[in-house]
Amino acid sequence: MRPLLRGEPAVWALLVCLSVAMAGASFGYGITKDGGQVGPGFLPLVSGLALALLSAACLLQSVRRAAPDEDVDPRRIRTLWTVFGLLLVALLLVPLIGFLVAFGLLVFAVSAFVERRRIVSAAVVAVAATLVIYAVFVLFLAVPLPGGLLGGLLGVGGDG
């Protein structure tokens, strides 16, 4: 059995709250469009609910687990909180710079500073991930992503 990390239940509880908030906010984007097509809020709703259920299961499992006998590596806990902090910053940046730019910066920051990849490698991963998200949601599914103020000023972006 895996030992309980200090603060692990708090992290899972925070993730449950964030994912429920994401699912709730999805209704503002519209779950469906006219004609019964999938709307821009469908993916945040489904992924938010799925993440909430999985996080709640992990929360229950971590609460049931006994306290560890050994000390836990504090680097693991710092890494976890760093990723959550970066995610929060990215979410706060979406209204300003748009989803795609915020997502790309998040992937770059996690790759370069958390995973300690080389800058060029992290940039390639971030650009590739952003292009995949753009291709799937904007081109294939025709789901407008929030463009933010920056997108509005530049005349790009679907929902900002």
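Our structure is the block above this text.
All figures in this text were calculated on a predicted structure; none of them were measured in a lab.

**Side note on the overall build of the protein**
Within the protein one finds 6 helices and 0 strands. Going from N to C terminus, the protein has its helices and strands arranged as α-α-α-α-α-α. Considering only intrachain contacts with a sequence separation of at least 6, the fraction spanning at least 24 residues in the protein is 56%. For the protein, the exposed surface amounts to about 10,300 Å²; the carbon and sulfur share of it is 71%.

**Overview of the packing of helix α4 (residues 99–114) against helix α5 (residues 119–140)**
Put simply, α4 and α5 touch, their axes get as near as 8 Å, and they point 145° apart. In this structure, the crossing between α4 and α5 has a hand that is right-handed. The segment α4 lies against α5, with Phe99, Leu100, Phe103, Gly104, Val107, Phe108, Ser111 and Ala112 engaging Ile119, Ala122, Ala123, Val125, Ala126, Ala129, Thr130, Ile133 and Tyr134. For the contact of α4 with α5, the residue count by class is 14 nonpolar, 3 polar and no charged.

**Considerations on the environment of Pro144**
Mapped onto the elements of the fold, Pro144 is located in the loop between α5 and α6 (148–154). Pro144 gets classed as partly exposed once you look at its relative accessible area, which sits at 30%. Taking the C-alpha atoms as reference points, Pro144 and Tyr134, 10 residues apart in sequence, are found 9.7 Å from one another.

**A few points about the environment of Gly98**
Structurally, Gly98 is set in the loop between α3 (74–97) and α4. Once the C-alpha coordinates of Gly98 and Gly148 are considered, the two residues, 50 residues apart in sequence, prove to be 4.0 Å apart.

**Points about the packing of aromatic side chains**
Tallying each qualifying case throughout the model produces 3 aromatic pairs. Look at Trp81 and Phe84: their rings are 6.3 Å apart centre to centre, the planes differ by 55°, and that puts the pair in the tilted class. Residue Trp81 and its partner Phe84 are both found in helix α3; the two are separated by 3 residues, about one turn of the helix. On the basis of an interplanar angle of 15° and a centroid distance of 5.8 Å, the ring pair of Phe99 and Phe103 is categorised as stacked. Separated by 4 residues within a single helix, Phe99 and Phe103 lie in helix α4, roughly one turn from each other. Judged by its relative accessible area of 29%, Phe99 is partly exposed.

**Focus: helix α1 (residues 8–25)**
Taking 1.5 Å of rise per residue, 18 residues should cover 26 Å, and α1 covers 26 Å from first to last C-alpha, within 8% of that figure. Those residues of α1 hidden inside the fold are in contact with α2 (42–64) and α3.

**Details of unusual backbone geometry**
For Arg116, which is not glycine, the phi dihedral falls at a positive 55°. For Arg116, the position within the fold is in the loop between α4 and α5. The exposed category is assigned to Arg116, whose relative accessible area is 69%.

Reading guide: rules and limits
Residues numbered from 1 in each chain as written. Predicted model: local features only at pLDDT ≥ 70, side-chain atom pairs only at ≥ 80, totals over all residues. Heavy atoms only, no water. Helix = DSSP H or I, 4+ residues; strand = E, 2+ residues; numbered from the N terminus. Contact = heavy atoms within 4.5 Å. Areas by Shrake-Rupley, 256 points an atom, 1.4 Å probe, with all protein chains shown as cover. Axes fitted to C-alpha atoms, helices over the stretch in contact; angles between N-to-C directions. Left-handed = near helix turned anticlockwise from the far one by under 90°. Nonpolar A, V, L, I, M, F, W, Y, C, P; charged D, E, K, R; others polar. Buried < 20%, exposed > 50% of the residue type's maximum accessible area, 1.4 Å probe, protein only. Phe/Tyr/Trp six-rings, centres within 6.5 Å; stacked < 30°, edge-to-face > 60°. Expected span 1.5 Å × (residues − 1).

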